[in-house]
Amino acid sequence: MKYSKQRELVLKTLQENICHPTAEHIYALLKKELPSISLATVYRNLNQLAANGMVKKIEGLDGSIHFDHNLSKHYHFVCIKCNKVYDVPYDVAPDLADKVLSKTGLIIENYDITFKGICPECHKKEFH
């Protein structure tokens, strides 16, 4: 993948916004710094970064495609009230793929697990 100043800015913006942003969110942030950038350019660069294993493309969280710069093994949690996306440490269930194999015979090569519920902030608002 050849160097691109725009791609570098897209990646930097993603790394600085650990909220698992959408392309639209990254575009809105970048537009302030680089007014000439287009949404199509942001999408193209995010997809290239994902195709080259530099970021992770997360689908199915809330109907939108989100992007994650954290490439370590982890799960996700989506709050059903505020739609924030949180990382859940892998060590919560580190042997999940092995358990699926031993119980079902299914060999898992890749997975994205998303938990859905209410985050602590929304829970606090609801009960106070």
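For clarity, every value in this text was computed on a predicted model and none was experimentally measured.

K.L.:
Looking at this structure, I do not really get the sheet that holds strand β4 (residues 85-89). What am I missing?
P.N.:
Note: strands within a sheet are paired through backbone hydrogen bonds, in either parallel or antiparallel orientation. Strands sit in the order β4-β3-β5 across an open sheet of 3 strands; the sheet is mixed. The open sheet is flanked by β4 and β5 (114-117), the only strands paired with a single partner. Each strand axis lies, on average, 30 degrees off the axis of its neighbour in the sheet, ignoring direction. Summarising the sheet, strand β3 (residues 74-79) and β4 pair through 5 bridges and their orientation is antiparallel. Looking at β4, one finds that Tyr-75 is bridged to Val-88.

K.L.:
Just to check I follow, could you spell out helix α2 (residues 23-33) for this structure?
P.N.:
Burial in α2 covers these residues: Ala-23, Ile-26 and Leu-30. Looking down the long axis of α2, one finds its buried residues gathered within 65 degrees of arc, a one-sided arrangement. On its buried face, α2 is in contact with α1 (5-16), α3 (39-51) and β2 (66-68).

Conventions we followed
- Counting of residues starts from 1 at the beginning of each chain's written sequence and follows it residue by residue.
- Since the coordinates come from a predicted model, pLDDT governs what is reported: local features require at least 70, and pairs of side-chain atoms require 80 or more to be given and counted, while whole-chain, interface and lining totals use all residues.
- Neither water nor hydrogens contribute to the side-chain values; these are computed over all heavy atoms in the structure.
- For two strands to be treated as a pair, DSSP must find no fewer than two bridges joining them.
- The secondary structure listing takes helices from DSSP runs of H or I that are at least 4 residues long and strands from runs of E that are at least 2 residues long, numbered from the N terminus.
- Think of each axis as a best-fit line through the C-alpha atoms, taken over the contacting stretch in the case of a helix, with angles from 0 to 180 degrees between the N-to-C directions.
- Note on classification: 1.4 Å probe, protein chains only; a residue is buried when its accessible area is under 20% of the maximum for its type, exposed when over 50%, partly exposed between these limits.
- The arc in question is traced by the directions running from the helix axis to the C-beta atoms.
- In what follows, a contact means two residues having at least one pair of non-hydrogen atoms within 4.5 Å.

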